[in-house]
Amino acid sequence: MSDDLFGDREPRAARKKTARRAGEADLRTVSQRITDVARFDNLYRLADTLAPAPGPRRGRPPHYPPYIYLLFLVLRGIHGSARYCAGDLQDPSVWTTIRGSVAQHLGHDEAARLPEVGPSRHQWQHAQRTLLIPRLEELSETFADLALAQALRQGLLPTDAKRSWSSPQRHQLIAGDGTVAKSPTLSTTPFSVDPTTGEVRRHRVDPASSWQKEGGADRNGNDAQNTTPAGTAADNDINAHTGEGGMVLGTKFVVFSTRHRGYFRRVLLRYAHVPHNQPGGEAAVALDLACAILDAAEGCMGVLYDGALRGMHRDVIARRGRLLVNKQHKGASPRYIRTLDFGRCRHELWSNSGRVHERAFLDDGTSTLIPLSVGKLERRASTHTHRWYHLLDIPCPRGPHQPANPSASPPPPENGTKDKATPRPASTAPKTSSRSPTTPPSTKPSTAAAKTPKPASPNSTVPCGTVA
């Protein structure tokens, strides 16, 4: 590790290639994936949520038990559509494999009561409306519990593993992202009128879909949010086909997962739908999901996310004592923090690009900001919250100021007066700059903004710092 805890990344040519191409042993055919799904224990545990309530039943019993429709739901993602999935389940060889897996988990008597072939597409659509959708919230909560237990069994998010807050491992973090599921139809109005003939045409409309901006950033460098583009529906359809503006008609979801190195080792932990008129947009939904996982998984050290999360979201996760690894937003002006007074010298500290800088004065009277070396990332716990600190090494012509023991009381200043700038004369970054402890540093020295808070008034001491 370099002297600076948050030093610059290595050049791309000097990085080691960690990714590898999938080999033949890593690939799974469709038939193998069907067998894996049918033999998965959690599928049958999840189906217990759909079990009918005890007591007398009315009407004809269902043709298939609930776990068959959950199996159909998973296999539909493998085949790509419900029509192909239903056609594959009509194959006697495929259905025999599924019945063998059912006998392995639920017994031969249960497998013998199954019909000779799988459900049709019409039966699946009826079960989706009457069985799965009304119990969707219960299924989601049960799925979250089973997924977390599965991750712990695979050695993910361990509670007894060694922790390094400055360099957490991949399997100690959760990764989240928002994605847009494309709408099956591009029509946004149920009717359209031909201006030439006056013919009225009917169109299928997906009520859950809206125009979403997926990927990329706007002109100000901010990440894309849920927006509705201006213009007619026809213009939006053209943009969706040509890809102009990155607009997609669909439904947005937020998904969190965790994984280790290797293929087919990722575990999806939680998911949630992002309504188009959701207050806070994707970031609010993602923050709720992340906090729910952090509360349930003690071994989780932090969250990986993109630029949709801002400072207010970092603050929530940082106060829980966890890390948030995401991009630092551009355009934020440098902010004055405080001035450290060591008697014979003073050091002005500023916050810029997510880390602490020192203001250095040039020969021509101007000044620039130079990033300070971070020696340690420290997490301090109080009664109900946590605070993060960057322990700094401040270079000085009169000798570098090394970080002191955080638990020790600060020594009195050399001039005998009470230091009001900081409780510790040794260098420590304030908590305001530690909201983004994993933000990469800025390699280019930035000039302080014109309109900034007025620093401490000058006195007989000399402001020190590395002169550029």
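Above this note sits the structure.
Conventions we followed
Residues numbered from 1 in each chain as written. Predicted model: local features only at pLDDT ≥ 70, side-chain atom pairs only at ≥ 80, totals over all residues. Heavy atoms only, no water. Axes fitted to C-alpha atoms, helices over the stretch in contact; angles between N-to-C directions. Helix = DSSP H or I, 4+ residues; strand = E, 2+ residues; numbered from the N terminus. Parallel < 35°, antiparallel > 145°, perpendicular 65-115°, else oblique. Left-handed = near helix turned anticlockwise from the far one by under 90°. Contact = heavy atoms within 4.5 Å. Nonpolar A, V, L, I, M, F, W, Y, C, P; charged D, E, K, R; others polar. Phe/Tyr/Trp six-rings, centres within 6.5 Å; stacked < 30°, edge-to-face > 60°. Buried < 20%, exposed > 50% of the residue type's maximum accessible area, 1.4 Å probe, protein only. Lys NZ or Arg CZ within 6 Å of the ring centre and 35° of its normal. Salt bridge = Lys/Arg side-chain N within 4 Å of Asp/Glu carboxyl O.

On to the packing of helix 3 (residues 66-79) against helix 5 (residues 92-106), then. Running from amino to carboxyl end, helix 3 crosses helix 5 at an angle of 130 degrees, the nearest separation of the two axes being 13 Å. Between helix 3 and helix 5, the angle falls in the class oblique. Taken as a pair, helix 3 and helix 5 cross one another with a handedness that is right-handed. Facing Tyr67, Ile68, Leu71 and Leu75 of helix 3, the residues of helix 5 in contact are Trp95, Ile98, Val102 and Leu106. Taken together, the residues of the contact of helix 3 with helix 5 sort by class into eight nonpolar, no polar and no charged.

So, on to the packing of helix 1 (residues 30-38) against helix 3. Two elements in contact, helix 1 and helix 3, have axes whose closest approach is 10 Å; the angle formed by their N-to-C orientations is 160 degrees. Taken together, the axes of helix 1 and helix 3 are roughly antiparallel relative to one another. For the pair helix 1 and helix 3, the crossing hand works out as right-handed. For the pair helix 1 and helix 3, the contacting residues are Val30, Arg33, Ile34, Val37 and Ala38 in the first and Leu71, Val74, Leu75, Ile78 and His79 in the second. In terms of residue class, the contact of helix 1 with helix 3 is built from eight nonpolar, one polar and one charged.

Further remarks concern the packing of aromatic side chains. Within the structure shown, the criterion is met by eight aromatic pairs. Taken together, a centroid distance of 6.2 Å and an interplanar angle of 80 degrees make the contact between Tyr64 and Tyr69 edge-to-face. The class for Tyr64 is buried, based on a relative accessible area of 4%. An aromatic cluster of three or more residues is present, and its members are Tyr64, Tyr69 and Trp95. Over the ring of Tyr389 we find Arg380, and its NZ or CZ is 3.9 Å from the ring centre.

A few words on the pattern of salt bridges. Scanning the entire structure with this criterion turns up 11 salt bridges. The salt bridge involving Arg99 is made with Glu116; its shortest N-O contact spans 3.8 Å. Of this pair, Arg99 sits in helix 5 while Glu116 is found in the loop between helix 6 (108-112) and helix 7 (121-132), placing the two residues 17 residues apart along the sequence. A salt bridge links Lys252 to Glu282; its shortest N-O distance comes to 3.4 Å. Residue Lys252 is located in strand 5 (residues 247-258), and its partner Glu282 is located in helix 10 (residues 281-296); the two are separated by 30 residues in the primary sequence. When sorted by exposure, Lys252 lands in the same class as Glu282, which is buried. Each of the salt bridges in this network shares a partner with another, and the network as a whole consists of Asp194, Glu199 and Arg201.

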